[in-house]
Structures are given as C-alpha cells and as structure tokens.
Amino acid sequence: MSIDIGGRKLTPTGEQPPVAQSALSQVTPAPGTGRLRAAARAVRRGYHPYAFIAPSTLLLIAFGIVPIALALFVSFTDLDLKGLGDHSQVRFVGLENYTRLFDDPLFHRSVLNTVIFVGLGVPGVLVVSLTVALLLNTATTRLFRWLRALFFLPSITNIVAIAVVWGYLYQTDYGLLNQLLSVLHIDAVPWLDDPETSRFSLALMAIWRGSGLNVMIFLAALQAIPTEYYEAAALDGAGRWHRLRYITLPMLRFAIFFVVVTTLIAWLQFFEEPFVLTNGGPLDATTSVSLFIYKTGFNHFEYGYASAGSFVLFLIIIVVTAIQFRSRRAELDA
Amino acid sequence: MRRTRTAATTTALASLLLATACGGGSGTAGSDGDTLEVWVMSSQTGNEGPTFEQLVADFESVNPGTKIEVQPIPWENAKDKIATAVASGDGPDVVQVGLSLLPELVDSGALMDLSDEIGSHPELAADRFVEGARPTMQTDGKTYSVPWVTDTRALFYRTDLLAEAGYEQPPQTWAELKDAATKLKARGGKNFGISLNVGDQFLPLMFTWQAGGDVHRDDTVDFGVPEFKEAVAYENSFFTAGLTPKAGPWKYDEVQGFKTGVTPMFVSGPWMTKAIQEQAPEINGKWALSLMPGDTTRTAFLGGSSLGVFSKSKNSEGALKLLAYLSQKDTQLAWYKASNALPAVSEALADPALTSDPNTKVFTEQLKQAKIAPPIKQWDAVAQEMTRAVEQITIGGADIDKTLASLDTKVSGLTSR
C-alpha cells in the first residue's frame, strides 16, 4: 500500500491528477430529497471532502511524508549498523554524504546508466504498448481476447521467475537466443556479458515486462473513442493512416500522457531487472541509481550515504515530473 | 522495475529508525524463561528450518523445560532481518551469522561477549575448531562467536580430458595450471582451458595467499602488497590468452561447460559436487577434485558461518549450553548428514563419514590450509571494489598498475571511515 502512495507523493503539490479532475467535474449535486440537498450543501461548505480524504492522507503521511522526512534527516548523519543499535554513536556530518556522492564515480555511473535506461525504456514501452494495443483493437474475436490476456501475463509474473527464464535465454554459450542465431549463422551475442549489450538486454526484458499494463490502458482508451468519428472521417474519404493520425492519436492524448508519466517514474527507479539478473554488472554497466542506493544501504549498512542517494533520486523524479505536468498544462492552454 | 523502489527503500530505512525509536531499551531478545529463539540461515531450496528442529530435539530432551523456537531466515534477507533486530533490540537468543557479516555485527555491539562463560564449556574451546576458522571467534581479545559450519574451494577437473592433454595428475603449481589450461585450449573449436569466475571475490584473495602474501595486515587491508598484483596478473593472464570464458558467475553455466568439456576445469565449492552428480550423471567417474594449485602455499579461502548470542538475550546461559551442544562431534556430523554443510569441528571433519567420500575428503584436506577473508567490518564494500577492479582488468582490459593504484586509494577511503 505504501507503494502506491509512494508513487502518488511524486505528484507535485497543488496539482490535481487530471483523472480526479474529470471525475469530480462529473459529480453534480443530485436533485431530490431534502436530505440529499443538505448533504450537498455540507459538501459545498467543505467539511466532507476532508473526511473522505482523511484515511488516504493519514496513510500518505505515515508511509510517505514521515519516511521522506526521516530519510532527509538520516542523510545528514553517518548512521550505520552500530548507530542503529546505539544512537549515541550517530554523528551529524552535515553535507558530507552529498559531497561524497558527487565525487563518487560509481554514483555518476549509475546516474548515466539510469538516463540510458530511461532513454531506451520509455520510448520502447510507449511504442510497443501502443502498437500492440492498436493491433489488438482491430477485432474482438475469441482469439483476440485470449491474446489480450497473453500480453498482460508478463506484468503479473513474478520477477524472479522471469529472471530465471530470461537468464537462460540470454546465456551466451547455451542460451536459446544464441542457438537460434547460430541457425542463421550469426555469431553468438554476449547478451549479459558485454557492458554495452547488457544494458540493451535488460531494457528489452523490462520493456517486454512493462508493456502489458500499458496495453490495457491504451485498449481502454481506444474503446472509449466514439465510432462516429471514424464513420464521419470514412465518409470524408480519410484512409487508415489519416484516421490514426487525426482521430486516434489526438483522442489518446491523455492516455499517452499518463503512460509517459508513470513509465518515466518507473524507469527512473529501474531496479528489479538488474538486481535479479546482473547485480549491476558487468563493469557496473547496469547499476542503476536505485540499485546503487540498495547496495549502499542494505549490503554495506551505510544508511546515511544511501539516504543521501535516495534523496537526490527523489528530487530528480519530482523535477522531471513537474516539468511534464507543466508542459502538459502549456499544451492544454495553447 | 517498479516505480516504488525508492519509496519502499526510504520506507524501509525509516521503519528501521522507527523500530529503534520504539524499541529503545525495552526490547527483549528471544522469549522469556526457558525458551530459546534461534535464527538459522536457509537457502532458497533448503529445508534448514525443520532439519534444525530435528537436530535440537535431543537437546530439548536432555534439558527438560527448555523449548527451542527455530526461525529459518533466507540468506537474501539475513542482513535486513539482522539490521532490524539490531535497531529494535528485539532479536533472537542465538543467531547464525555468515563470516562476511560477522565483523560488522560484532562492531555494532549486537553480539554478547562470551569470554567469561566460554571457559565452562569445554566443547567451545578454540582448538577444537579447524585452525583457519579460529580467528573468527575473537575481536580485540574477546570472544563473540563460535564457528558452526565451514566452506572452502577446490579445483574441479575432468580426469579424462586432462589425461589426454598429458596430465595424469591434476596440476599442482601455478605453472602447471596455466600449462594444462593452455593445452586444453589447444583442442581448438569452442573449447577453453578453464572457467575462472571473475565475480568471485575469493579468487584474487586465494591467488594472493598462494603467492605467499596477504592483503590483510594490521587490522586493515592493503592492496599495495606485491603479491596481490602478482595474483591479479596471474588471473589476468588466463583472460588475455583466451583460456577462460569472459563471463561472470551468474551467466556461465559451469555444470554445462564441465559436462560438454568446453571448460574442463573450474574452481568452486562443495555444493557443486552434488550439482554435477545430479545434472551431469553421464560424466560420473570422469572427473575429480584437487587441492588448489599453488607455489608458496596451496591456500584456499575459508568461509561458512558462526553462531553468536544476541546481546539482549535473557537466557545467555541456555544459549551457551546450546552452542556447546551444537559443537559436539555427533551434532556436527548429524548436521553434515542433514544439510551437506561441512562441519567446523576438526574431529568431525576427520570422521570417516566425510573422509570416505573422495570428493568430500579433498574439501576436508583443503580446509586444513584455508584462510578467512580479511575480518574487517568494511569488507563487503572493499570486496566489491576489489572485484570491480579485477573485472575492469580482466574483462575490460584496463591497465593493471593504474587500476590497482586507484583501488588502493578508494579502499583507504573506505576503511578509514
């Protein structure tokens, strides 16, 4: 549960997620009995909304705000395992963790890796899931319903199971992928052994895994487009491409925005794939910022240093998300 | 990839703090009275929990009224669980700790000083344990833990393929190992001479010891020793000559390579004998084990885990009794039979139950000349830097002198912390 809230905390303050906006605007005070009208008045007076949001706000504070505040606090200390057991051993070190972070080549490396992962992953997920959704939307036969379930499957499969299977596929000497390539007389690809290749391999696996959910989102959005638009366009002689370009894509604008924002946040926190498959190697080519934080905190017990790292990542995510919302607003205003 | 990782990590960090705040001094380890809570490490596929319960059933019948609660902890979660226990003060009475974590845990003050009580239990005398494991027991002259199980490395080789290459006996020295690998590589095709695992932090350590040096000195580590450079250069020579696949541990399937003969030699631990027997029965009788080759010494690495008493335990007397029971020869042998983990008590290691099996015999012999990794609290972070440097040299082709110099600077930064 903290997870969802954790994701939501990244919404810049004062910015209502557009979903909520449209949902709210549809709620009109129902005309009817006096009691309902009184309730509507109370809502207008502004008490009830607080009652409704209180549970999620409390959870947000407990599992979102408080941990972030604590992490900020810890990032100015040298907290380690010894300090956990005995608080008198914890020292304030000021900005030392942050200066160390900016001098740490491994942290630089992990930031660069994360940028590459985002650069590969976000367009990858967007294109793959949109394409699959468009293709799946062409029919509603039993086969297509079955295919829909099939495409969703990677999203709900345990990452460890996925890692085991993909680990076998990617195996350089005995893996299935290279066996298939050898049939075509193509040399073995060092999927996870070569630093440059391994980033692509992990991104590929993550795109495959991350697309299923977004396919569902796009399918839902596609089905919400009124067929009249297409009929009208067809009458005007618009071909397939024009219908896609001038009706489908504009109508999917919000869905695309949503997918881009959530996918970007997810990929900025790229963690599980390198964690289970490469442990950040070879030569740190797949060490993402999240993996760096995890290793620092939970393998080396440098909680202060790890907190500084996670705070920097947190700020990056906030800034990136804020920029997206801002450009979205500019687009709407235009 | 989950959007929540940082949030989850932050929450985990915070909950540790909260646990400390709430736990404070009021935390109680284990349970009251005559109950002993024991944390046993378990592998993913392992059955260590129930097996351990059976092991201590005898102890319970000899000590009526004492109840032992066994909690299996998966190795992957060991650090999280132990950190939480340290933070909250709410831990078990007896805890199994891997050797790599032990120095840091002792430093944190989470383990009880057993120096005064240990004398009254002859089973816990240091000289009963295999020599290489004895240094793990003490820090600054005080005893904090007792060895429980051990682990080491040996050379696996295909007897048939080495015989074809002119080696009726396994290679004994560095020169012979290199020569054998070169001859095996000369078979041509996709064949290699050996599979050296660069991700294994113990390989450069073992080579350093075999060259007659040690990176551990004066309670810290020094990668400037000439033998370390010699070790890395030796390891690297296998890579530059193409004698070993350039792949990490989690990627290269050593069992497959061994079965097909592509990599007819590799260095690994006891668990691998079982894996080969099960996954490659067709090469039964065509492979054997040997002590690590070496020039000055044939030292291998000694790993494993120890048992300690949590400092907040209310039943330290019972906990020590349990440690004494677990260090008895019969208990150690029973655990070996149940779990396949090598014992830590010399007497048990010399028992025919182990030495009658030729493979296990090699490991028991190797244990007699095995050393632990430098017992410093920053070892995990240091080992990661060391492995990274070795990887940069062997796989990345980086310059040895420059890489080792920057490793030295980095490590002094880490150890001075």
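Residues numbered from 1 in each chain as written. Chains lettered and ligands numbered in written order. Predicted model: local features only at pLDDT ≥ 70, side-chain atom pairs only at ≥ 80, totals over all residues. Heavy atoms only, no water.

**A word on the UniProt feature "domain: ABC transmembrane type-1" (unreviewed entry) in chain A**
Thought 1: Taking the numbering used here, the UniProt-annotated feature "domain: ABC transmembrane type-1" (unreviewed entry) corresponds to residues 111-324 of chain A.
Thought 2: Annotation note: span residues 111-324 of chain A, helix share 78%, strand share 0%, distance between end C-alpha atoms 20 Å. (UniProt positions renumbered as here; feature names shortened; annotations may be inferred. Helix = DSSP H or I, 4+ residues; strand = E, 2+ residues; numbered from the N terminus.)

**Observations concerning unusual backbone geometry**
Residues and elements named next belong to chain A.
Thought 1: Phi at Asn279 takes a positive value of approximately 55°, unusual for a residue other than glycine.
Thought 2: Secondary-structure assignment places Asn279 in the loop between α15 (272-277) and α16 (289-299).
Thought 3: Asn279 gets classed as partly exposed once you look at its relative accessible area, which sits at 40%. (Buried < 20%, exposed > 50% of the residue type's maximum accessible area, 1.4 Å probe, protein only.)

**Details of the packing of aromatic side chains**
All names here are of chain B.
Thought 1: Under the counting rule described, the total for this entry stands at 32 aromatic pairs over all chains.
Thought 2: Ring centres of Phe59 and Tyr325 lie 5.4 Å apart, and the angle between their planes is 50°; this geometry places the pair in the tilted category. Highlighted residues: Phe59 in helix α2 (residues 48-62) and Tyr325 in helix α12 (residues 316-326), separated in sequence by 266 residues.
Thought 3: A residue is classified by how much of its surface remains accessible, and Phe59, at 4% relative accessible area, is buried.
Thought 4: Assessed through its relative accessible area of 12%, Tyr325 is described here as buried.
Thought 5: Taking the centre distance of 6.1 Å and the plane angle of 15° together, the rings of Phe156 and Trp287 count as stacked. A residue pair is termed long-range when its members are at least 10 positions apart, and Phe156 in strand β7 (residues 154-158) and Trp287 in strand β11 (residues 287-290) qualify at 131 residues. Each of the two residues, Phe156 as well as Trp287, counts as buried. (Phe/Tyr/Trp six-rings, centres within 6.5 Å; stacked < 30°, edge-to-face > 60°.)

**Brief notes about the sheet that holds strand β1 (residues 35-42) of chain B**
All names here are of chain B.
Thought 1: If you trace the 6 strands from one edge of the open sheet to the other, you get β2-β1-β3-β13-β6-β14, paired in mixed fashion. Strands with a single pairing partner mark the edges of an open sheet, and in this sheet they are β2 (67-74) and β14 (342-343).
Thought 2: Looking at chain direction, β1 and β2 are connected through 8 bridges and run parallel. By the bridge assignment for β2, Leu36 is matched with Ile68. (Pairing = 2+ DSSP bridges.)

**Observations concerning α2 of chain B**
Residue and element names in this part refer to chain B.
Thought 1: Along its 15 residues, α2 runs 22 Å from first to last C-alpha, staying within 8% of the 21 Å computed at 1.5 Å per residue.
Thought 2: The sharpest bend along α2 comes to roughly 35°, located at Val56.
Thought 3: Among the residues of α2, Glu48, Gly49, Thr51, Phe52, Leu55, Val56 and Phe59 are the ones counted as buried.
Thought 4: Residues of α2 that are buried in the fold lie against β1, β2, β6 (145-151), α12 and α13 (329-339). (Expected span 1.5 Å × (residues − 1). Bend = angle between axes of the 7 residues up to and from the residue. Contact = heavy atoms within 4.5 Å.)

**So, the pattern of salt bridges**
Thought 1: Overall, the coordinates contain 24 salt bridges over all chains when judged by the stated rule.
Thought 2: Its salt-bridge partner being Glu302 of chain A, residue Arg100 of chain A comes within 2.9 Å of it at the nearest N-O pair. A residue pair is termed long-range when its members are at least 10 positions apart, and Arg100 of chain A in helix α6 (residues 96-103) and Glu302 of chain A in the loop between α16 and α17 (303-333) qualify at 202 residues. For the pair Arg100 of chain A and Glu302 of chain A, a shared accessibility class is recorded, and that class is buried.
Thought 3: Note that Lys368 of chain B is salt-bridged to Glu365 of chain B, the shortest N-O span being 3.4 Å. Here the residue Lys368 of chain B and the residue Glu365 of chain B both occupy positions in helix α16 (residues 358-368), the gap between them amounting to 3 residues, near one helical turn.
Thought 4: On the accessibility criterion, Glu365 of chain B (31% relative accessible area) is partly exposed. (Salt bridge = Lys/Arg side-chain N within 4 Å of Asp/Glu carboxyl O.)

**Focus on the pairing of strand β13 (residues 303-309) of chain B**
Look at any regular strand and the pattern is simple: side chains alternate between the two faces of the sheet.
Residue and element names in this part refer to chain B.
Thought 1: Burial within β13 is extensive, with 6 of its 7 residues counted as buried.
Thought 2: One ladder, built from 5 bridges, connects strand β3 (residues 94-98) with β13; its direction is antiparallel. The residue of β13 that forms the bridge with Gly98 is Ser305.
Thought 3: Relative to β13, β6 is paired through 6 bridges, and the arrangement is antiparallel. In the strand pairing of β13, Asp151 is matched with Gly303.

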